[in-house]
Amino acid sequence: MDGVVVADRGSGKGAVPADSQPSFDEVEFRDGSTTNLRRDRPFSASAISRRSARSTQSRASLSPTLVTSDHAARTIFAYRSGIIETAVDSCKTSVLTDLDGEVKGFWLLTEIDHWDLEKEKLVLLTANTLLIIKYDFIALSVGKFKRIFLSSIDRVQMGDLIYPRYSIMPSRQHGGLRIHWTKDEPTFAQKWNPFYDDLGYTTMTHHLLIYNEKEKETSIYDVSDLADSVIGAVGDARKRGGISDALRVEDVAIEIESYASFSSLVFNQSHLGFNMERGGISF
């Protein structure tokens, strides 16, 4: 699919120039009308976001019922001292300077796949690409990752995560971010293939650690901070690439197409997509 490369560590192809500083003019905001929206956010994990005063209309909401206690936080391997920095340095070996350009920011977030499974992902934003990486915080190794070219991203949605009308899944009661890089709709077979991971969009939300009282202002766990940075970087990349169509930024509910998935409930409530210590067993 154009605009994305799914690869093991170190793969990649093509090149995108990275010789200009970000600007933020090529963005169209939509919330039922077209307007310029602002949200100044001082705690950014990204140099791009710190320079941007233009943003999505509202932060992705937090769950009012989810709490990550200090004890629970300590079971998450990514919470251990210095491990995020180690992970980012390790992932930088997969960054191709001529292709990706300079790393601008990083986040530790939760990706929700098309089977409604929540998985811990390390996200790197570079001058030209967005890298979504499965990092093993136990083995300290880079796994499969997805490289999305910023110039191919044409729509960013921010809003509450919801299920379809006739779904019996319990309400999520929090928000998220969906990034689109193709207008092609996935086929029925692709949507119902649990191993297919190139649907042309990704859905992300906050990391569990943002629900710890000590970490609620930590930007690397906040999907809203990623949204700010991506909007600025994509607008600039599209301008550099001579793409005349503005990036669409929408404040809308984001639907997760899941109707009655007991397996995803068990998977998500047990946090099986996260590297954690579980009663003396780590996985």
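Every value quoted in this text rests on a predicted model; they were computed, and no experiment measured them.

Calculation notes
- Every chain is numbered on its own, with residues counted from 1 as its sequence reads.
- A pLDDT threshold of at least 70 governs which residues receive local features in this predicted model, and a stricter bar of 80 or more applies before side-chain atom pairs are shown or counted, although totals over entire chains, interfaces and linings include all residues.
- Note that the side-chain values use all heavy atoms of the structure and ignore hydrogens as well as water.
- Secondary structure elements follow DSSP: runs of H or I no shorter than four residues count as helices, runs of E no shorter than two count as strands, and numbering proceeds from the N terminus.
- Relative accessible area decides the class of each residue, using a 1.4 Å probe on protein chains only: under 20% of the type maximum gives buried, over 50% gives exposed, and in between gives partly exposed.
- By definition in these notes, contact holds between two residues if any of their heavy atoms fall within 4.5 Å.
- Only the protein chains shown count as cover for residues, and all accessible areas are computed by the Shrake-Rupley method using a 1.4 Å probe.
- The rule for a salt bridge is simple: a side-chain nitrogen of Lys or Arg has to be within 4 Å of a carboxyl oxygen of Asp or Glu.
- Values of pLDDT, the confidence the predictor places in each residue, fall between 0 and 100.
- Strand pairing is assigned whenever DSSP identifies at least 2 bridges connecting the two strands.
- What makes a patch is a set of residues exposed beyond 30% relative accessible area and free of salt bridges, joined within 9 Å when like-charged and within 5 Å when nonpolar (Val, Leu, Ile, Met, Phe, Trp, Tyr).
- Each pair of aromatic rings taken from Phe, Tyr and Trp, with Trp reduced to its six-membered ring, is defined by centres within 6.5 Å and is described as stacked if the planes are under 30 degrees apart, edge-to-face if over 60, and tilted in the remaining cases.
- Either the NZ atom of lysine or the CZ atom of arginine qualifies as a charge over a ring when it sits within 6 Å of the ring centre and within 35 degrees of the ring normal.

*Asks:* Would you take a moment to explain the overall build of the chain for this structure?
*Replies:* Of regular secondary structure, the chain possesses 7 helices and 14 strands. Looking at the chain residue by residue over its 283 residues, the buried ones come to 52%. Intrachain contacts of the chain at a sequence separation of at least 6 include 72% that bridge at least 24 residues. Accessible area for the chain stands at about 13,100 Å²; split by element, carbon and sulfur atoms hold 52% of it.

*Asks:* Is there a simple way to think about the pattern of salt bridges in this case?
*Replies:* In a structure, side chains of opposite charge can pair up when their charged atoms sit close to one another. For the structure on display, the rule yields 12 salt bridges. Note that Lys214 is salt-bridged to Asp70, the shortest N-O span being 3.4 Å. On the criterion of sequence distance, the pair formed by Lys214 in the loop between strand S10 (201-205) and helix H6 (223-240) and Asp70 in helix H2 (residues 70-74) is long-range, its members being 144 residues apart. Since its relative accessible area comes to 59%, Lys214 is described here as exposed. Across the salt bridge formed by Lys119 and Asp113, the nearest N and O atoms sit 3.3 Å from each other. We classify Lys119 as partly exposed; its relative accessible area is 28%. Classification of Asp113 as buried rests on a relative accessible area of 17%. Salt bridges linked by common partners bring Asp116, Glu118 and Arg172 together as one network.

*Asks:* Would you mind going over the confidence of the model for the chain with me for this structure?
*Replies:* Any region with low pLDDT has predicted coordinates that should not be read closely. Averaged over the chain, the pLDDT score is 82; the fraction of residues at 70 or greater is 78%. The secondary structure element of the chain with the lowest average pLDDT is strand S3 (residues 34-35), at 34, and the one with the highest is strand S5 (residues 118-126), at 98. Here residues 10-25 is a poorly scored stretch, pLDDT under 50, and it has 45 contacts once near neighbours within four places are set aside; other chains count.

*Asks:* Just to check I follow, could you spell out the pairing of strand S7 (residues 141-149) for this structure?
*Replies:* Moving residue by residue along a regular strand, the side chains alternate between the two faces of the sheet. Pairing geometry for strand S6 (residues 129-136) and S7, over 7 bridges, is antiparallel. Each residue of the ladder has a partner; that of Leu130, found in S7, is Ile148. Here S6 folds back onto S7, and the loop between the two strands holds 4 residues, one of which, Leu140, carries a positive phi near 55°.

*Asks:* I'm lost on a nonpolar patch on the surface in this one. Help?
*Replies:* Side chains of Trp115, Phe188 and Trp192 sit close together on the surface and give an oily, nonpolar patch of about 360 Å² of accessible area. For Trp192, the position within the fold is in the loop between helix H5 (188-191) and S10. A residue is classified by how much of its surface remains accessible, and Trp192, at 42% relative accessible area, is partly exposed.

*Asks:* Looking at this structure, I do not really get the side chain of His207. What am I missing?
*Replies:* By the element assignment, His207 lies in the loop between S10 and H6. By relative accessible area, which is 0% here, His207 ends up buried. Setting aside residues up to four positions removed in sequence, His207 forms contacts with Ile76, Leu108, Leu109, Thr110, Glu120, Tyr221 and Phe274.

*Asks:* Quick question: what am I supposed to make of the pairing of strand S8 (residues 155-162) here?
*Replies:* In terms of strand pairing, S8 meets strand S9 (residues 175-180) through 6 bridges, oriented antiparallel. Across the sheet, residue Met158 finds its bridge partner in S9, namely Leu177. Where S8 meets strand S11 (residues 247-251), 4 bridges bridge the pair, whose relative direction is parallel. Bridged to Gln157 within S11 is Glu250. One ladder, built from 2 bridges, connects S8 with strand S12 (residues 254-255); its direction is parallel. Bridge pairing in S12 links Leu161 to Ile254.

*Asks:* I'm lost on the packing of aromatic side chains in this one. Help?
*Replies:* How two aromatic rings sit relative to each other is given by the distance of their centres and the angle of their planes. According to the stated counting rule, one finds 1 aromatic pair in the structure shown. Ring centres of Tyr135 and Phe137 lie 4.9 Å apart, and the angle between their planes is 70°; on these two criteria the pair is classed as edge-to-face. In terms of burial, Tyr135 and Phe137 fall into one category: buried. Over the ring of Phe77 we find Arg80; its NZ or CZ atom is 4.1 Å from the centre of that ring.

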